[in-house]
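Here is what each chain is made of, one letter per residue.
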Amino acid sequence: MLLIQALIMATLAMLSKCGMPMWSRWSLGMGAPLIAGFLNGILMGDVAYGLQMGASIMLVYVGVAIIGGAISGDPMLGGWLGVTASMMAHAEPELGITVASTLGIIGSLLSPLERTLNSGWVARAHAYAEKGDTKGVMRMATLAPMLVAFVLYWIPGFILLYLGAPALEGILANFPPQITKALSTVGKLLPALGLAMLVNLLFKNSLIPFIIFGFVATAYLGLGTMPVAFIGVGLAILHYIYTRKETE
Amino acid sequence: MEKNLDQKTLKKSWLNWVSFGQQCYNYEIMQGLGFASSMIPIINKLYPDDAEARKAALERHLTYYNTENNWGAAVAGIVASMEEEKANGANITDGSINSIKAALSGPLAGIGDTVTQSLVKTCLLGICCDMALKGNALGPILFFVLMSAYCLGLSKYVFDQGYKSGKTSVTRLLAGGKMTAVTEALGALGLMVVGSMIASNVNIATPLVLNLGQTSVSLQGILDAICPKLLSLVTVFAVYRLVNKGVKPIKIIGILFVVGIIGGLLGILG
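Since the structure is predicted, the reported quantities are computational estimates derived from the model, not experimental observations.

## Considerations on the overall build of chain A
Stage number 1. Looking only at helices and strands, chain A features ten helices and two strands.
Stage number 2. Reading the secondary structure of chain A in the N-to-C direction produces α-α-α-β-β-α-α-α-α-α-α-α.
Stage number 3. Counting only C-alpha atoms, chain A reaches 60 × 60 × 30 Å along its principal axes.
Stage number 4. Split into buried and exposed, the 248 residues of chain A put 56% on the buried side.

## Some thoughts on the overall build of chain B
Stage number 1. Along its length, chain B carries ten helices and two strands.
Stage number 2. Along chain B, from the amino end to the carboxyl end, the secondary structure elements read α-α-α-α-α-α-α-β-β-α-α-α.
Stage number 3. Relative to a compact globule of 270 residues, whose C-alpha radius of gyration would be 18 Å, chain B shows 25 Å and is clearly more extended.
Stage number 4. With the C-alpha coordinates aligned to their principal axes, the bounding extent of chain B is approximately 95 × 35 × 35 Å.

## Re the nonpolar core
Stage number 1. In terms of nonpolar packing, the biggest core is built from 163 residues, with A13(A), W80(A), L161(A), L195(A) and L33(B) touching the most fellow members.
Stage number 2. Residues in contact with L33(B), not counting those within four places in the same chain, are W121(A), V122(A), A125(A), M140(A), A141(A), C24(B) and L62(B).

## Focus on the domain arrangement of chain A
Stage number 1. One can read the domain layout of chain A as domain 1 (2-189) and domain 2 (204-248).
Stage number 2. Using C-alpha coordinates to define each centre, domain 1 of chain A is positioned 34 Å away from domain 2 of chain A.

## Considering unusual backbone geometry
Stage number 1. The omega torsion of the bond from M20(A) to P21(A) falls at -10°, within 30 degrees of zero and hence cis.
Stage number 2. Residue position: P21(A) is located in the loop between α1 (2-17) and α2 (32-44).

## Focus on the pairing of strand β2 (residues 215-218) of chain B
On a regular strand, each side chain points to the face opposite its neighbour's, so the side chains alternate between the two faces of the sheet.
All names here are of chain B.
Stage number 1. Of the pairings in the sheet, the one linking strand β1 (residues 209-212) to β2 comprises four bridges and is antiparallel in character. By the bridge assignment, V209 is partnered in β2 with S218.
Stage number 2. Taking the residues that link successive antiparallel strands as the turn, the β1-β2 hairpin has two residues, and the phi of G213 there is positive, at about 60°.

## Topic: the domain arrangement of chain B
Stage number 1. Looking at the assigned domains, one finds that chain B contains domain 1 (7-192) and domain 2 (204-266).
Stage number 2. Summarising the inter-unit geometry, the C-alpha centres of domain 1 of chain B and domain 2 of chain B are found 39 Å apart.

## Some remarks on helix α1 (residues 7-20) of chain B
Stage number 1. Here α1(B) spans 20 Å end to end across 14 residues, near enough to the 20 Å set by a 1.5 Å rise per residue.
Stage number 2. Burial in α1(B) covers these residues: L10(B), S13(B), W14(B), N16(B), W17(B), V18(B) and F20(B).

## Side note on the packing of helix α5 (residues 93-130) of chain A against helix α7 (residues 177-189) of chain A
The relative placement of two packed helices comes down to the angle between their axes together with the axis-to-axis distance.
Residue and element names in this part refer to chain A.
Stage number 1. Running from N to C, α5 and α7 cross one another at 70°; their axes reach a closest spacing of 9 Å. Here α5 lies roughly perpendicular to α7, going by the angle between them. For the element pair α5 and α7, the recorded crossing hand is left-handed. Touching E94, L95, I97, T98, S101 and T102 of α5 are T180, L183, S184, V186 and G187, all from α7.
Stage number 2. When grouped by side-chain class, the residues that make up the contact of α5 with α7 number four nonpolar, six polar and one charged.

## Details of the packing of α1(A) against helix α4 (residues 75-88) of chain A
All names here are of chain A.
Stage number 1. Their axes nearest at 9 Å, the elements α1 and α4 cross at an angle of 170°. One element, α1, and the other, α4, form an angle in the roughly antiparallel class. In contact with Q5, M9, L12, A13, S16 and K17 of α1, α4 contributes M76, L77, W80, L81 and T84.
Stage number 2. Grouping the constituent residues of the contact of α1 with α4 by class yields seven nonpolar, three polar and one charged.

## Here's the deal with the environment of P112(A)
Stage number 1. Its location among the elements puts P112(A) in helix α5.
Stage number 2. Separated by 89 residues in the primary sequence, P112(A) and W23(A) place their C-alpha atoms 21 Å from one another.

## Remarks on the environment of G222(A)
Residue and element names in this part refer to chain A.
Stage number 1. Within the secondary structure, G222 sits in the loop between α9 (208-219) and α10 (225-247).
Stage number 2. G222 sits in the exposed class, given 10 other C-beta atoms within 10 Å.
Stage number 3. Each C-alpha atom, one on G222 and one on Q5, is 39 Å from the other, the two residues being 217 residues apart in sequence.

## Looking at helix α2 (residues 32-46) of chain B
All names here are of chain B.
Stage number 1. With 15 residues, α2 should cover 21 Å at 1.5 Å per step; its first-to-last C-alpha distance of 20 Å lies within 8% of that length.
Stage number 2. Residue M39 marks the point of greatest curvature in α2, where the axis turns by about 40°; the proline P41 follows within four residues.
Stage number 3. With 14 of 15 residues buried, α2 is to be regarded as a mostly interior element.

## As for the confidence of the model for chain A
Stage number 1. The pLDDT averaged across chain A works out to 91; a share of 98% of its residues lies at or above 70.
Stage number 2. When mean pLDDT is compared element by element in chain A, α2(A) scores highest at 97, while strand β2 (residues 70-71) of chain A scores lowest at 82.

## Section: the confidence of the model for chain B
Stage number 1. Summing up the model confidence of chain B, the mean pLDDT is 91 and the portion of residues at 70 or higher is 96%.
Stage number 2. Interface confidence for the predicted complex, expressed as ipTM, amounts to 0.91; the pTM equals 0.90.

Cut-offs used in this document
- Residues numbered from 1 in each chain as written.
- Chains lettered and ligands numbered in written order.
- Predicted model: local features only at pLDDT ≥ 70, side-chain atom pairs only at ≥ 80, totals over all residues.
- Helix = DSSP H or I, 4+ residues; strand = E, 2+ residues; numbered from the N terminus.
- Buried ≥ 20, exposed ≤ 12 C-beta atoms within 10 Å, placed from the backbone.
- Rg over C-alpha atoms; globule rule 2.2 N^0.38 Å.
- Core = buried A, V, L, I, M, F, W, Y, C linked by C-beta atoms within 7 Å.
- Contact = placed C-beta atoms within 7 Å.
- Domains from an automatic or database assignment.
- Pairing = 2+ DSSP bridges.
- Expected span 1.5 Å × (residues − 1).
- Axes fitted to C-alpha atoms, helices over the stretch in contact; angles between N-to-C directions.
- Parallel < 35°, antiparallel > 145°, perpendicular 65-115°, else oblique.
- Left-handed = near helix turned anticlockwise from the far one by under 90°.
- Nonpolar A, V, L, I, M, F, W, Y, C, P; charged D, E, K, R; others polar.
- Bend = angle between axes of the 7 residues up to and from the residue.
- pLDDT = per-residue confidence, 0-100.

Structure below.
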């Protein structure tokens, strides 16, 4: 069972990291912790535990943003590997956040390496293009980068899960509480980056009121994302009506 | 004989984009190879026996390209229609195809990042995560299904629109003042959700306790009385300043890591 679980999760980690297929980056990639918790829960016969672990770790990554190729955190490795390893070690969700955040940081460090290595395929694609060989270019665009992803993500991921997760249980049990606390503080700080990147993307002086509305609605009034989004739709329509008149 | 792209070829082109667009992501030409992969079914269809024309077309598309995954499919549709016209002898240069790609990829990425990331993804995740936390297994399933439906459905729609109406429709859409107002309104909605998430998803607090003679007061209690989640708000805006100054995300992750470790060990943050 451990073998099958490690095989499936390492494969999903690799696929979502290299964006194969691209449309799944948004579901299996950005939502990796949530879905990984659920799938591992099914495999281990404890869906409730899986949902709890997955959703707790997911919260760290809800605000992750990828803008112009720069990513603010890595829910993929944190999800597929972090959630799986934590569940294999039967850890509490709080400890799981620490494990996932650490793996997520490693994941963000590996992405630049992947992109650098993939640059090598571009020269070979040009060589195929020179001969009018569309199949050759296609291989460089699809299969070649899989090789990089296999070496960078699948192999270490599989080893980590298959050999590391059983050891992790012992390590976590004897982990100094100060270190756990320090690492989970990092986990609490990390969501700030994704949200800051989104603010940077959307920011305009005339839109400052909307951040205030959203913040106050949740911080003081305790409203969830859904009602805030509904109020936001209403206010956005008003904003459109008034600004449209200005530009006409 | 006039060369025509049939529905099957166009579907393959779209499917290649949504599947392989990002696969060979690299620092040299970013999604260039992915874009080329979406043009390959079209190149094969238009120039089955002309190796020289295939070569020129492949080289034309092995260039820098970077846009948002879903909305960016519109560009592939537009370029498909331009390739078709070019193969039929229209006066379309490599330069005009490349300038269309360059001109549209930026604005579409702007709209796409706003809608896909700050609205659709964030809202869906927020809702589905909440369901899962309450023990509802529909949360992860719903997220996978709805998010995938959005990515596939939207990209197919804008690809087809791009092909059908060519470059005119999108350029007209982007040029008009209406789109600026729509994007800004979407930005307003996005910022509102982001504001809410600063309060719900960044949970920075301080365990510091002030000893005032006989009594001790929790600093977080004082802060909460003024403004709950104040530290989270301050952190996001401090990080925003760094992002705005152009500091690389990877560097910011490093800074947050150091601040978190030190703050956690000293018992200032928690």
